[in-house]
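Results of the structural survey
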Amino acid sequence: MGHLLVVESWVGSMGRLLPRAIREGGHEFTFLTRDLHHYLRSAPEGAAHPLLGARNVITADTNDTEALLSHVERLHAVWEFDGVLSSCDYYLPTVARIAGRLGLPGPGSEPVESACRKDVARRVLADAGVPGPRFAVHEERADLARAAREIGYPLVVKPVDLCAGMYVRRVEDEHQLAAAVKALEDFPVNARGQRRVPAVLLEELLDGPEVSVETVSFAGAVQVVGVTDKSVGAAPAFVETGHMFPAALSPADTEAAERTALSALKALGLTDGVVAHTEIKLTSTGPRVVEVNPRPAGNRITELVRHVTGIDLAAAFVDVALGRAPDLRRTPTGLRSAAVGFLVPQSTGTLDALDGRQLRDRSDVLEVQLAEPGRVVRAAGSNNEYLGHVMVGDVDGLGSRDRVAALLTELHAGLVII
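Under the annotation held in an unreviewed UniProt entry, the chain carries the name ATP-grasp domain-containing protein and is attributed to Streptomyces lunalinharesii.

**Considerations on the sheet that holds strand β2 (residues 28-33)**
Pairing within the open sheet is parallel, and its four strands lie in the order β3-β2-β1-β4. Whereas interior strands pair on both sides, the edge strands pair on one side only; in this sheet they are β3 (56-59) and β4 (83-85). Here the strands of the sheet are splayed against their neighbours by 20° on average, with no regard to which way each runs. As judged from the five bridges shared by strand β1 (residues 3-7) and β2, these two strands associate in the parallel manner. Following the sheet pairing, Leu5 is matched in β2 by Thr30. Lying on the sheet, helix α4 (residues 92-102) is in contact with β1 and β4; it crosses β4 at an angle near 165°. Together, β1 and β4 form the strand contacts of helix α11 (residues 313-321), whose direction differs from that of β4 by roughly 135°.

**Thoughts on the nonpolar core**
Membership of the largest hydrophobic core comes to 41 residues, with the highest contact counts inside it found for Leu4, Val6, Leu18, Phe29 and Val216. Ranked by the residues each element gives to this core, the list is headed by α11, at seven residues. With near-sequence residues (within four places) excluded, Leu4 lies in contact with Ile22, Glu28, Phe29, Thr30, Phe81, Gly83, Val84, Leu85, Val318, Ala321 and Leu322. Ala121, Ala276, Ile280 and Val292 belong to the second-largest nonpolar core, a separate cluster that totals 24 residues.

**Let's talk about the packing of aromatic side chains**
Centre distance and the angle of the planes are the two values used to describe a pair of aromatic rings. Applying the stated criterion to the full structure yields five aromatic pairs. Aromatic side chains Phe31 and Tyr39 sit 5.0 Å apart centroid to centroid with 90° between the ring planes, which places their arrangement in the edge-to-face category. Residue Tyr39 is classed as buried on the basis of its relative accessible area of 0%. Seen in terms of ring centroids, Phe342 and Tyr386 are 4.4 Å apart; in terms of plane orientation they differ by 10°. Their pairing is stacked. Placement of Phe342 in strand β14 (residues 337-342) and of Tyr386 in the loop between β17 (376-377) and β18 (388-394) is noted, with a sequence separation of 44 residues between them. According to the relative accessible area criterion, Tyr386 is buried, its value standing at 11%.

**A few points about the UniProt feature "domain: ATP-grasp" (unreviewed entry) in the chain**
When the UniProt feature table is mapped to this numbering, "domain: ATP-grasp" (unreviewed entry) covers residues 122-322. Here residues 122-322 runs as 32% helix and 32% strand, with 30 Å between its end C-alpha atoms.

**Here's the deal with the pairing of β18**
Burial analysis of β18 places seven of its seven residues in the buried class, the great majority of the element. Burial along β18 is two-sided: Gly388, Val390, Val392 and Asp394 facing one way and His389, Met391 and Gly393 facing the other are all buried. Across six bridges, the pairing between β14 and β18 is antiparallel. Residue pairing across strands places Ala339 opposite Val392, the latter belonging to β18. Where strand β16 (residues 365-370) and β18 come together, five bridges link them in antiparallel fashion. Note on β18: the bridge partner recorded for Val368 is Val390.

**Brief notes about the sheet that holds strand β15 (residues 349-353)**
An order of β17-β15-β19 is seen for the three strands of this open sheet, with the pairing classed as antiparallel. Each of the sheet's edge strands pairs with one partner strand only, and the pair in question is β17 and β19 (416-417). Relative to β19, β15 is paired through two bridges, and the arrangement is antiparallel. Its bridge partner lying in β19, Leu351 is registered against Ile417.

**A short note on the side chain of Thr278**
Structurally, Thr278 is set in strand β12 (residues 274-283). Looking at Thr278, the relative accessible area reads 0%, which means it is buried. Residues in contact with Thr278, not counting those within four places in the same chain, are Val211, Ser212, Val213, Ala261, Leu265, Glu291 and Val292.

**Description of the environment of Glu255**
Considering the arrangement of structural elements, one finds Glu255 in helix α9 (residues 251-268). Judged by relative accessible area, which is 40%, Glu255 ranks as partly exposed. Measuring from C-alpha to C-alpha, the distance between Glu255 and Val227 comes to 9.5 Å, with 28 residues separating the pair along the chain.

**Examining helix α7 (residues 141-151)**
Residue pairs three or four apart in sequence face the same way in an α-helix, which turns once every 3.6 residues. Residues of α7 that are buried include every one of Leu144, Ala145, Ala147, Ala148 and Ile151, and no others. Taken around the axis of α7, the buried residues stretch over an arc of 165°, which confines them to a single face. Residues of α7 that are exposed and point over 90 degrees away from its buried face: Ala142, Arg149 and Glu150. Here the buried face of α7 lies against β5 (135-138), β6 (155-159), α8 (174-185) and β8 (200-204).

**A closer look at the environment of Arg23**
Along the chain, the position of Arg23 falls in helix α1 (residues 13-24). As for Arg23 and Asp327, which are separated by 304 residues in sequence, their C-alpha atoms are 16 Å apart.

Cut-offs and rules
Residues numbered from 1 in each chain as written. Predicted model: local features only at pLDDT ≥ 70, side-chain atom pairs only at ≥ 80, totals over all residues. Heavy atoms only, no water. Pairing = 2+ DSSP bridges. Helix = DSSP H or I, 4+ residues; strand = E, 2+ residues; numbered from the N terminus. Axes fitted to C-alpha atoms, helices over the stretch in contact; angles between N-to-C directions. Contact = heavy atoms within 4.5 Å. Core = buried A, V, L, I, M, F, W, Y, C linked by side-chain atoms within 4.5 Å. Buried < 20%, exposed > 50% of the residue type's maximum accessible area, 1.4 Å probe, protein only. Phe/Tyr/Trp six-rings, centres within 6.5 Å; stacked < 30°, edge-to-face > 60°. UniProt positions renumbered as here; feature names shortened; annotations may be inferred. Arc of directions from axis to C-beta.

Below you can see the structure in the form of structure tokens.
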């Protein structure tokens, strides 16, 4: 049995899957957080968040990395951790530094820090010849305006250190660019209280569909688990509206996406002890890397993979954090594909009606999770504003995406926001 140190987490999907995977693997964990109430607030009324069911729950300033390293060393002397991990992007570099300090398994701090900074990752990948969009990174508005003209409109504006699609925007001209940059300037601290890097990343707008390549690396070998597709909406934002696993691609496109993802992981040095989610655009001129995320995929993708292949990426995440070979053997599940669709609000107000009871008795529905009436709703500008999701499976082929789209249309017909 292993004892893991979990440093912060997302409160949603992986925040629940991770404790389950630790427990089902026969392990235990200590949970370290700066704000217990962040997790208490996210649990259903009368229930505790699974992360707070840890063997030990410790509060400390997880945003002060230097002080935290010394604090964790003292905890390690008492409890002897066997591994350390987090599902929250904002703490992945901290976890990598803790692993290095305590001599625990992990990919190393430099590769993780590079992947978690979008501008640094862009430079590393470009230097290694891994295909990506044309890009520029600046802080000053005048420099950004000049670089935008050189890249050419329309283009994509990104913060270098946020996630879930926050403040990622398509801009058509200099006026929209100025508005996007101003919005970033007005958000100097992220949701976890960390001061943001003021640099802004500009990228060429890529054509073609987007997919993600799910991989697990252990002992210097990277194994591709599969390729997931993605649908995007809520322009000019890039809100993920759904996914299907496996992606409906030709063998050639699948192989090209996998090869590009492996090249990106090698360039960044993420080839040992990492479950990764690499986003790829299949453009008219070939695959291009969008982002490399050194953690399991979010938005229920890990569950799509599990339903189709039997491979539990949350369990693999736990295994590699403990320095153990993950079980990546495929087992029959009866499903040829699985898809998830998210209910994305288009307006702001209060949720008055949303009824999904008719979905729960369908044999092809794997999950239904919907917000309760009375919830305050914001028109979606990132992946943080969903009103719920529906997941379906298909035993015959790749029809799960169309099925979930039809079910979402039904839900939207009964959605009332006042």
